[in-house]
Amino acid sequence: MQSPLATSGAAGIPAQREPAEAAQPRPQEAPPKEAGHAGHPFRGDVAGLRAVAVGLVLLYHAGVPFLPGGFVGVDVFFVISGFLITGQLLKEVERTGRVSLAGFYARRAKRILPAAAIVLVATAGLVWRFVPKTSWEETAGDIVSAALYVVNWRFSDRAVDYLAQHTQPSPVQHFWSLAVEEQFYLVWPLLIIFAVLASRLLRSGVKPTLWVALLVVLVPSFVWSVLETTASPAEAFFASTTRMWELAIGAGVALAATACARIPRAAAVTVGWLGLAAVVAAGALVTTDTAWPGYAAALPTLGTAAVLAAGTTAGRWGPVALLGIRPMRWVGDLSYSLYLWHWPLLMVATAYWQGLSMSQSLAITAASLIPAWLTYRLVENPLRYSKAISGSSRLALSLGANFTLVGVSAGLALLLVFANLGTGPAGTPEQSATGGGEVVALPPVDIALLPDTDPGRAPLGAAVLGINPLGDPRGKVTDQVPAMFPQPVMVRRDLPDTFRDRCHQSQQGTDLLTCTYGDPTSSTELVLAGDSKAEQWLPALQALAARNRWKIVTYIKSSCGFATATHLLNDIANKPYPSCTQWNRDLLAKLVADRPDYVITSQYSGTAADGGGQQSADAMVTAMHANWTALAEAGTKVIVLANTPDPGMTVYECIDRNRDRLSACAFDRARRDADRGYQTQRAAAVGTDVPMIDLFDVVCPVGPCAPVIGNVIVYRESSHLTATYVRTMAPRLAVALTAAGLPTG
């Protein structure tokens, strides 16, 4: 299974915090270093290990080829965090017999929230200035969620959201790991308090109850991580429930501090170096195809734990010989600010320049040292070591709350700017969406008339084309148009009604979600079945159903063509899609039993797994034939709609960047002939009684293919057509359906 990082480029360096300071120096003094674990002095290997972790992630994000698993630096940070923070809490228990929650959260608030808020504000400003408007709304929500430390769940949901699969990574996506940590630290201090209270009630030592509390977190989280990573790796990647065991591993090393101190030096040296080797090996050997986190994450986490456990007794012969050198400690000290800054700069630059080379990414990553150092020196340390703030938990918590409000406000400000984007003068065609983003209905498509026969109405979309669209000059690309339906910033909402009505099954689900449109009492029943490429035709079918009094029943599943095959997710070899296979079996059985009059289908997928598990177009053709034959025997007529090709770009984003040069967003007609889904459909239809309707000439009348036809944007995400343009194709579809054997009025 593939990590979300393979397609989304997800950032993920969790912030590392210093433990509570034993003394608060004057702001101008160099800050003291953290204790290693309870009772131990500064550990240079810990600072250096943070440098290794941040280095792995930064180099991975810069695209260096020799670290395909550099994202494991996140897991290293989780273990370090659990180790340091637990050591701090244990020290407080040893000293006072209790844990002050107010003091704990006050220390965290002054440590992490100011720098994070500044980066969120800067990110909002950079997005506003350099990123296409089409991304503003989603990014604004991400910033608000990041400021509130719940953004990991937002990204977990988005990872399995079909509509979000083709969007660029969020510039604050790296905040997911911060959110995981903060959610862990809502639970862990409370468990320590309960363990201390339990030890008093039981009149036993506190360490045994602390170990029980630790296992209460570690074991269920690890088991769930393995199970969820197998079932839904995209969701598991961002979930705190699948990550808490990694922080608990670090906490366990802190709990075992006394035992670790008794490890013989020779053994500690060996264990420490083997642990560091495991971390580096994970970065080099793990890939984005590795199911993550799951059990595979044990390699870097246990490797990190080994370095931490051995460091106390290994001495100068251990990993500290490398990790403790001054450059490593310097990078380790900057790791939090460096992590905060590098990802937004990379993402904004990628959006602005529409891609970066590896050398450019490395240069931007290196440049992030400048704001990181400034934030560290001017924000982190002055606030962190302020006597006034350190002496008052109330003041520190107030400071944190206010900085959180600043971060939230930055996101809301960007959202407000998006909501108030100009939509053109009142009464002009450019008013295609309200400020709230609801798509305004176009003038109704008169399906009784072919284009050019109604002089009383200005045609839109496909209606501007002649009866024979191929070669029609009105479909040629032009650099400027007087108006656009919908506006580029609203294209992602221009969807078939199945999304609104929650009738689109996810990649994980197998239930036969269904919706009914048109006349539910009609004697003519059409079933629209397949993936989102079938679903895109619903707006035109609804227009035809209104006139012909049809009943339309939908069965749609993400990335799942209508064929009883051993499916492959997104046509990727060696990536089985068992939920699609099961969904198809159930759907075919239901359709054979229900015997609708017509089944209309289309699909993106052009291959399936053959009997030997190999990717094969022939296997998909055979499966399609099997479905068609079964339905024909049940008395149902099948009609296939040809797949529409991928333009090779996100068209609406390109339009937003190039409103005065729309030709930059055109694409080659030859992409249709090279489309694997179209090739397989065509091969399957040959020699059968199943008609295939191909409306590509209406989508692209003239090469290169225009992004806007008749003032209507043609494409939304990936290879999907906008609902608006599809509605304007209804008269063309009516003629084609009649020719295919489905009479239309």
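Remember, it's a predicted structure, so these values are computed and weren't measured experimentally.

(A) Local environment of the overall build of the protein chain. Helix and strand content of the protein chain: 30 helices and 11 strands. With 745 residues in all, the protein chain has 58% of them scored as buried. Long-range pairs, those at least 24 residues apart, make up 79% of the contacts in the protein chain with a sequence separation of at least 6.

(B) How the structure looks around the state of the cysteines. Summed over the entire model, instances satisfying the criterion amount to four disulfides. Residue C503 pairs covalently with C515 via a disulfide, S to S 1.5 Å. With C503 in the loop between α20 (497-500) and β1 (504-505) and C515 in strand β2 (residues 515-518), this residue pair connects regions lying 12 residues apart in the sequence. Accessibility expressed as a relative area gives 13% for C515, which makes it buried. Across a sulfur-sulfur distance of 2.0 Å, C700 and C705 are joined as a disulfide pair.

(C) Quick peek at the packing of helix α3 (residues 73-96) against helix α4 (residues 101-130). Contact geometry for α3 and α4: axes closest at 12 Å, N-to-C directions at 145 degrees. Handedness of the α3/α4 crossing: right-handed. For the pair formed by α3 and α4, the contact residues are I85, Q88, L89 and E92 on the first element and F104, R107 and R108 on the second. Looking at the contact of α3 with α4, its residues break down into three nonpolar, one polar and three charged.

(D) Molecular detail of the packing of aromatic side chains. Using the criterion set out here, one finds 17 aromatic pairs in the structure. On the basis of an interplanar angle of 25 degrees and a centroid distance of 5.9 Å, the ring pair of Y336 and Y339 is categorised as stacked. On the criterion of helical spacing, the pair formed by Y336 and Y339 is a turn pair, its members being three residues apart in helix α15 (residues 326-353). Judged by centre distance (5.6 Å) and plane angle (85 degrees), the rings of F667 and Y715 are edge-to-face. Highlighted residues: F667 in the loop between α25 (651-657) and α26 (670-673) and Y715 in the loop between β11 (712-713) and α29 (723-728), separated in sequence by 48 residues. With respect to class, F667 is no different from Y715; both count as buried. The structure contains a cluster of three or more aromatic residues connected by ring pairs, namely Y60, F71, F78, F155, W176, F237, F238 and W292. Above the ring of F237, the side-chain terminus of R243 is found at 4.8 Å from the ring centroid.

(E) Just a nonpolar patch on the surface, in detail. On the surface, W330, L369, I370, W373, L374 and L378 cluster together into a nonpolar patch covering about 600 Å² of accessible area. If one sorts the elements of the nonpolar patch by residue count, helix α17 (residues 369-384) sits on top with five residues. Position of W330 among the secondary structure elements: in helix α15.

Rules used throughout
- Residues numbered from 1 in each chain as written.
- Predicted model: local features only at pLDDT ≥ 70, side-chain atom pairs only at ≥ 80, totals over all residues.
- Heavy atoms only, no water.
- Helix = DSSP H or I, 4+ residues; strand = E, 2+ residues; numbered from the N terminus.
- Buried < 20%, exposed > 50% of the residue type's maximum accessible area, 1.4 Å probe, protein only.
- Contact = heavy atoms within 4.5 Å.
- Disulfide = S-S within 2.5 Å.
- Axes fitted to C-alpha atoms, helices over the stretch in contact; angles between N-to-C directions.
- Left-handed = near helix turned anticlockwise from the far one by under 90°.
- Nonpolar A, V, L, I, M, F, W, Y, C, P; charged D, E, K, R; others polar.
- Phe/Tyr/Trp six-rings, centres within 6.5 Å; stacked < 30°, edge-to-face > 60°.
- Lys NZ or Arg CZ within 6 Å of the ring centre and 35° of its normal.
- Patch = residues over 30% accessible without salt bridge, like charges linked within 9 Å, V, L, I, M, F, W, Y side chains within 5 Å.
- Areas by Shrake-Rupley, 256 points an atom, 1.4 Å probe, with all protein chains shown as cover.
- Salt bridge = Lys/Arg side-chain N within 4 Å of Asp/Glu carboxyl O.

Interpretation in functional terms is not warranted from these geometric data alone.
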